[in-house]
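# Inside the fold
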Amino acid sequence: EVQLVESGGGLVQPGGSLRLSCAASGFTFSSYAMSWVRQAPGKGLEWVSAINSGGGSTYYADSVKGRFTISRDNAKNTLYLQLNSLKTGDTAMYYCAKSIFDVYGGNWYQYEYNYWGQGTQVTVSS
């Protein structure tokens, strides 16, 4: 059974940092690209970042470029998202998602992701 379990969210002040983790099981983690996607209250899904299966290529939405860093440890079957210089607009539920491909194609399509975690809440507030 495929499982994706996010952790690391919380309440942080503007300008602060958090590190999100996504523990994967039930599939060959190192064979698939992964993404982080977020959903703010009352809004739709927003793709945040992606990483190819080997971890050598990473991709970011313009809204987080230069502030967030995606990484993965294939030996530990874990995906990470380092969030720095957080803004109130970053408040959202953050989800990790497994792609059906080994590489990110340059555009995010929800149908290319067949498994999602339950999410971890990030709240940025003073």
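These notes cover the structure that comes with them. Predicted model, so just to flag it, every value in this text is computed and none were measured.

## So, the sheet that holds strand β8 (residues 78-83)
Taken in spatial order, the 4 strands make up an open sheet running β1-β3-β8-β7, and their pairing is antiparallel. Two strands close off the open sheet at either side, each with one partner strand: β1 (3-7) and β7 (68-73). The average undirected angle you get between the axes of adjacent strands in this sheet is 15 degrees.

## Section: the packing of aromatic side chains
Going through the model one piece at a time under the given rule, you end up with 8 aromatic pairs. For arginine 72, the ring lying beneath its charged end belongs to phenylalanine 29, and the centroid distance is 4.3 Å. Lysine 98 extends its terminal NZ or CZ atom over the ring of tyrosine 32, reaching a point 3.8 Å from the ring centre.

## Structural notes on the pairing of strand β11 (residues 120-124)
Side chains Thr120, Val122 and Val124 project from β11 onto a buried face, and the interleaved Gln121 and Thr123 project onto a face without burial. Strand direction decides the pairing type here: strand β2 (residues 10-12) and β11, joined by 3 bridges, are parallel. Directly across from glycine 10, in β11, lies its bridge partner valine 122. Sheet topology note: the strand β9 (residues 92-99)/β11 ladder contains 3 bridges and is antiparallel. Bridge pairing in β11 links methionine 93 to glutamine 121.

## As for the state of the cysteines
The bond known as a disulfide is covalent and runs between the sulfur atoms of two cysteines. One pass over the structure, following the stated rule, counts 1 disulfide. Put simply, cysteine 22 and cysteine 96 are joined by a disulfide, and their sulfur atoms are 2.0 Å apart. The sign of the S-S torsion, about 55 degrees, decides the handedness of the disulfide formed by cysteine 22 and cysteine 96: right-handed. Of the two residues, cysteine 22 is situated in strand β3 (residues 18-25) and cysteine 96 in strand β9; the sequence distance between them amounts to 74 residues. According to the relative accessible area criterion, cysteine 22 is buried, its value standing at 0%. Overall, cysteine 96 belongs to the buried group, its relative accessible area being 0%.

The rules behind these values
- Residues numbered from 1 in each chain as written.
- Predicted model: local features only at pLDDT ≥ 70, side-chain atom pairs only at ≥ 80, totals over all residues.
- Heavy atoms only, no water.
- Pairing = 2+ DSSP bridges.
- Helix = DSSP H or I, 4+ residues; strand = E, 2+ residues; numbered from the N terminus.
- Axes fitted to C-alpha atoms, helices over the stretch in contact; angles between N-to-C directions.
- Phe/Tyr/Trp six-rings, centres within 6.5 Å; stacked < 30°, edge-to-face > 60°.
- Lys NZ or Arg CZ within 6 Å of the ring centre and 35° of its normal.
- Buried < 20%, exposed > 50% of the residue type's maximum accessible area, 1.4 Å probe, protein only.
- Disulfide = S-S within 2.5 Å.

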